[in-house]
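Topology and contacts: notes
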Amino acid sequence: MTEPHADLDPLLKHLAHLLPAQGPIGVFIHHNTLHAFQHLPFEQAVCEAAAVFGTEPYLAEEHYREALRRKRIRAEDLYAVLAKEPNPEVAPGIDRQELRFACLLPGVRTFDAASIAWRMEDGDLAEEFRQPPNRALFEAVEQRTPAAVAEEEEAAARPGDAVIHPLLIRLSAAYLDQGLSYWPMPGRELGFYRAVRELFALPAAFLPPGLTGLDRAFRRQRERQMDGRAVVTEWLGPEASGWESKLRDELLALPGWAGLFSRLEQDPALFAHNAVPCTLLDFLAVRLTMTQVATAHGAAAPPAAAPSALSRQRARAATLYDAARLLRRNAATVLGWPETDWRRFVAEVEAFGPVERRRVYHLAYERWHEQHILQGMAAHRRNVSFAAPRVPPAAQLFFCIDEREESMRRALEEVDPRIATFGAAGFFGVAMDYRGIDDAGSVALCPVVVKPQHAVREQPAGGEEDVHQRREGRRRLWARLVRSLSVGSRSLVRGALSTAALGTLSAVPLITRVLAPRQYGKLRDALNRAFLPAPRTELLLMRDDARFEDAVEGMFLGFSEAEKADRVAGVLAPVGLTHQFARLVVLLGHGSTSLNNPHESAYDCGACGGRRGGPNARIFAQMANRPHVRAALTDRGVTIPQTTWFIGGDHDTCSDAITLFDLDEVPPTHQNDLAALRTSLDRARAANARERVRRFESCPVDVSAAQALRHVEERSEHLAQPRQECGHATNAVCVVGRREVTRGLFLDRRAFLVSYDPTVDSGAANLARTLGAVVPVCGGINLEYYFSSVDNERYGCGTKLPHNVTGLIGVMDGQGSDIRTGLPIQMVEIHEPVRILFVIETTAELLEKVLAENPLVNEFVANRWIRVAIMDPESGRIQIRRNGGYEALEGAPPPLPEAANSHDWYHGHLDHLPVAVIKGGA
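Rules of the game
- Residues numbered from 1 in each chain as written.
- Predicted model: local features only at pLDDT ≥ 70, side-chain atom pairs only at ≥ 80, totals over all residues.
- Heavy atoms only, no water.
- Helix = DSSP H or I, 4+ residues; strand = E, 2+ residues; numbered from the N terminus.
- Rg over C-alpha atoms; globule rule 2.2 N^0.38 Å.
- Buried < 20%, exposed > 50% of the residue type's maximum accessible area, 1.4 Å probe, protein only.
- Contact = heavy atoms within 4.5 Å.
- Pairing = 2+ DSSP bridges.
- Axes fitted to C-alpha atoms, helices over the stretch in contact; angles between N-to-C directions.
- Core = buried A, V, L, I, M, F, W, Y, C linked by side-chain atoms within 4.5 Å.
- Phe/Tyr/Trp six-rings, centres within 6.5 Å; stacked < 30°, edge-to-face > 60°.
- Lys NZ or Arg CZ within 6 Å of the ring centre and 35° of its normal.
- Parallel < 35°, antiparallel > 145°, perpendicular 65-115°, else oblique.
- Left-handed = near helix turned anticlockwise from the far one by under 90°.
- Expected span 1.5 Å × (residues − 1).
- Arc of directions from axis to C-beta.
- Patch = residues over 30% accessible without salt bridge, like charges linked within 9 Å, V, L, I, M, F, W, Y side chains within 5 Å.
- Areas by Shrake-Rupley, 256 points an atom, 1.4 Å probe, with all protein chains shown as cover.
- Salt bridge = Lys/Arg side-chain N within 4 Å of Asp/Glu carboxyl O.
- pLDDT = per-residue confidence, 0-100.

When helices and strands are counted, the protein chain shows 33 helices and 24 strands. Here the C-alpha radius of gyration of the protein chain, 31 Å, is about what a compact globule of 922 residues would show, namely 29 Å. Projected onto its principal axes, the C-alpha coordinates of the protein chain cover approximately 95 × 80 × 65 Å. Within the protein chain, buried positions represent 54% of all 922 residues.

Here it is in structure tokens:
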């Protein structure tokens, strides 16, 4: 026999997809904001999501018209977009393409019922109607415009939200708190619903107006021994037909908090410190109990007054008049159209409303960008040579595919053209559960869709145990002192004394941090080295195949020799690096360091689960240096000579600091090579900083590379800096192919660069693995930036200025709001929201084979969440994938501009720059 509410769990699971998938902000992982709509074509999905969430699907129409004025969109782009769509006749002598082009360029105006009377009497229409032909045309159109249909009354505001939310937010924040509050919420181990129920069972519970009686409601549920499921099912009632809409409205009233409960229910490992039971059902049970009480008090908002029928009819007539005027039709022509033609004209004009116009504008906006990138790459490809170098490079460096590393790689190749660079996902194939020597707990360093099966632990190296114990003792002493001061400052007597005694003293370091942040950071680091000396460390990453009992929380401790070889080959072979190794091969993970920045994790490595990738690079290097691993690699087609040494490192994308690990293990025979490489890295990171600061208005235009490096170092230490770095705000392209295809090209920090050699991948197995990893990661980053740009208040989290960190799990506006998800305006204000363009060095046949075998990648491609072009590995011919087919790139590529170095090209420019050839890096 089926239970009365057996469908509740699948329904909640379905509705949870509508909620933000953002976990605690300390582990910020970029993803497609509209993941619940990813099964739909992009254009349909953004409109359906707009209807559900009340959001914007595209940029404002004025933004696109400004792009037209700046020639960022051209008339030929609009023509090209309209030419690919059906073109029926809409009125005598007028086809759809002509009508739509006129509505786009110069552009039809938008009229609404609320302002039409003023515009006709005193505004722009009043001025126009002084000319008799215009007045006659409007009157003719108005005469033929049908009377406005009565609008449905808007639904009244949901009862009690203004009463419920302040209390529900405080309870949710207290329950999920990760250490910010001094007194933890009691009963958290019972789950959210039971903890709240027990809390309100206590005497003297304070209740705001509109929720009086809430304590009695919880006590009644307690007496009946109800759990969260019973509360929800009682509220739903027996009729299942309305469950989905009722529950959806409740969840979307506070989507940030509801989404956080749902995310933590799915992955409790995301808790930073204190994991507590989380279920969406419990959150609903508390909310619905409050809703019932608020409804009993009659809390509701009155519906808004609707415009009059006359105003609605005149606004409709004004839109039709504007379209007829742009088409240069007069009153006599309009009155002479047969009724069927007139109705067809009205239908076509109204179908091409604001959202549809923005759709076409946006496609033209993306077409300009697509042509600009592909024509530049096609022109460059004609001069590319794939001949193998006669001697190995001076060094080979692997960077993450992150588009911020595009400029770093270009700078390094300009500094020393003998250096070769590669791009690989920043976890470097080493998915692991990692705990560093100073870490309180372990973290997963791998893409969020991967669950690590191996644990790696950092420990003091032999002979360093005493140093480690002294360091740990001093750290514990310092922690107790800081905690004592923190707790004392909140008490009555100690708080008054500590404020008086320490207030003045604390002002000194605060002023120093604000006025001299870089110097303060250097002083802090020097004091840390003096009082907290760090021991040399080693990694527990070895495992004998026979010892499966070596496990940590269900994971193997370390990797076997065969597993190490698989991971090393999995990175080297797809990029074509199977022989001709340099004496030094360096892998640089990346992260970002900044102060007073709740979104710091959003600047870290997405391929490492929103964390730093340095440990992955270090472990990969240690694997590749092992003789037994190299011996096993020969069976996998990778031959590493004894003269090659691997080094792991970390690149801080905010300060441009580069740290190399385990340098004491580098053989004496390689010390000169290492010294030369470090000199090149220092010059490159300064050049990279110089390119970055052109977008910072706080930095003078004419600065040297050394001054630019000091500026970015200062930004990373600045307590009041709202824009520590630009992050992914320039992302727009992902190139999957050989470095020769992009080497020497200025791509303006806009391109993810994924190394892939199609000549060693006849069956496309490497391509399948590569796209399976980079499409969700790069596509997710791009789409999060897209949606946070087109509607920053609802898809993003608005400006940072009112943000308050709550419970170390997220940010709110002020002292109480929904959890703000997405990206703040300071992270996206220079972003150009276009869907990412993948340029893949492969053939159509092989790409279609990969898509057929990978449903997730195919969903991104087939539903147009990303744009795709292919470059033939042999001929270099570029084709664009559209609607399941392939179109050749139109026109002959024009000659590319050239510059001696990157600085000569970008100097003095703030906006995005076109593709150019940089001779120094070729």
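The subject of this paragraph is helix H12 (residues 228-236). Taken residue by residue, H12 has Gly228, Val231, Val232, Thr233, Trp235 and Leu236 as its buried positions. At its buried positions, H12 is contacted by helix H1 (8-16), helix H10 (192-200), helix H11 (214-223), helix H13 (243-253) and helix H15 (280-296). Taken from the residues just after H12, Gly237 is the one with a positive phi, measuring 80 degrees.

A few words now on the sheet that holds strand E3 (residues 395-400). Taking strand neighbours across the sheet as the criterion, the five strands line up as E4-E3-E11-E12-E13 in an open arrangement whose pairing is mixed. Since the sheet does not close on itself, it has two edges, and those belong to strand E4 (419-424) and strand E13 (658-660), each with one partner. Taken pair by pair, the neighbouring strands of this sheet meet at an average axis angle of 25 degrees, ignoring direction. Pairing between strand E12 (residues 645-652) and E13: three bridges, direction antiparallel. Residue pairing for E13: His651 is matched across the bridge by Ile658. Of the strands in this sheet, E3, E4, strand E11 (584-591), E12 and E13 touch helix H27 (residues 671-692), which is tilted by about 160 degrees from E13.

The next point concerns the nonpolar core. Core analysis: the biggest nonpolar cluster contains 197 residues, and Leu176, Leu247, Trp257, Phe345, Phe787 and Phe838 have the highest contact counts within it. If you tally residues by element for this core, the top one is helix H29 (residues 765-790), at 12 residues. Phe345 has contacts with Val90, Ala91, Leu99, Leu320, Ala323, Ala324, Leu327 and Trp337, leaving out every residue within four places of it along the chain. Counting 35 residues, the second-largest nonpolar core is a separate cluster that includes Met432, Leu445, Ala617 and Ile640.

Pro106 follows Leu105 through a cis peptide bond whose omega is 10 degrees. Within the secondary structure layout, Pro106 lies in helix H5 (residues 96-107). Phi is positive for Asp656, close to 60 degrees, though the residue is something other than glycine. By the secondary structure assignment, Asp656 is in the loop between E12 and E13.

For the coordinates displayed, the defined rule picks out 24 aromatic pairs. With a centroid separation of 6.2 Å and an interplanar angle of 10 degrees, the aromatic rings of Tyr175 and Phe261 are classed as stacked. Of this pair, Tyr175 sits in helix H9 (residues 161-176) while Phe261 is found in helix H14 (residues 255-266), placing the two residues 86 residues apart along the sequence. When sorted by exposure, Tyr175 lands in the same class as Phe261, which is buried. Ring geometry for Trp337 against Phe345: centres 5.1 Å apart, planes inclined by 55 degrees, an arrangement best described as tilted. Take Trp337 and Phe345: they sit in the same class, and that class is buried. Within the aromatic cluster, the residues linked to one another by ring pairs are Phe42, Tyr786, Phe787, Tyr795 and Trp865. One Lys or Arg, Arg72, reaches over the ring of Tyr365 and ends 4.0 Å from the middle of that ring. Across from the ring centre of Phe386, 3.8 Å away, lies the NZ or CZ of Arg738, which sits over that ring.

Where H11 contacts H15, the axes come no closer than 9 Å and their chain directions differ by 125 degrees. By the angle between their directions, the pair H11 and H15 is classed as oblique. Taken as a pair, H11 and H15 cross one another with a handedness that is right-handed. In contact with Leu214, Ala217, Phe218 and Gln221 of H11, H15 contributes Val286, Thr289, Met290 and Val293.

Let us look at the sheet that holds strand E19 (residues 837-841). The strand order across the open sheet built from six strands is E16-E14-E19-E20-E21-E22, with neighbouring strands paired in mixed fashion. The sheet is open, and its two borders are formed by strand E16 (751-755) and strand E22 (885-888), each paired with just one other strand. Pairs of neighbouring strands in the sheet enclose a mean axial angle of 25 degrees, with direction left out of account. In this structure, strand E14 (residues 733-737) lies alongside E16, joined through five bridges in parallel fashion. Bridged to Val736 within E16 is Val754.

Next up on the list: helix H18 (residues 339-351). One turn of the α-helix equals 3.6 residues, which is why residues spaced by three or four share an orientation. With 13 residues, H18 ought to run about 18 Å at 1.5 Å a step, and its terminal C-alpha atoms sit 18 Å apart, in line with that. When we look at burial in H18, the residues that qualify are Asp341, Trp342, Phe345, Val346, Glu348 and Val349. Taken around the axis of H18, the buried residues stretch over an arc of 165 degrees, which confines them to a single face. Exposed residues lying more than 90 degrees from the buried face of H18 are Thr340 and Arg343. On its buried face, H18 is in contact with strand E1 (89-91), H5, helix H8 (132-144), helix H16 (309-326) and helix H17 (331-336).

Once that is clear, we can look at the environment of Gln469. Looking at where Gln469 falls in the secondary structure, it is placed in helix H21 (residues 465-488). It is 9.5 Å that separates the C-alpha atoms of Gln469 and Pro535, two residues lying 66 residues apart in sequence.

Judged by side-chain polarity, Trp478, Leu481, Val482 and Leu485 come together as a nonpolar surface patch covering roughly 400 Å² of accessible area. Here Leu481 lies in helix H21.

Mapped onto the secondary structure, Ala285 falls in helix H15. Judged by relative accessible area, Ala285 falls into the buried class, the value being 0%. Separated by 54 residues in sequence, Ala285 and Val231 have C-alpha atoms that sit 5.6 Å apart. Setting aside chain neighbours within four positions, we find Ala285 in contact with Tyr193, Gly228, Val231 and Val232.

A residue-level look at the protein chain finds 95% of positions with pLDDT of 70 or above and a mean pLDDT of 91. Low pLDDT, under 50, characterises residues 545-550; the predicted model gives this stretch six contacts beyond four residues in sequence or across chains.

A word on the pattern of salt bridges. Counted according to the given criterion, the structure contains 79 salt bridges. Between Glu413 and Arg739 there is a salt bridge, and its shortest N-O distance comes to 2.7 Å. Taken together, the positions of Glu413 in helix H20 (residues 404-415) and Arg739 in the loop between E14 and strand E15 (745-746) put the pair 326 residues apart, joining distant regions of the chain. With relative accessibility at 1%, the residue Glu413 sits in the buried group. Taken together, the salt bridges that share partners define one network made up of Arg109, Arg119, Asp124, Glu128, Asp322 and Arg325.

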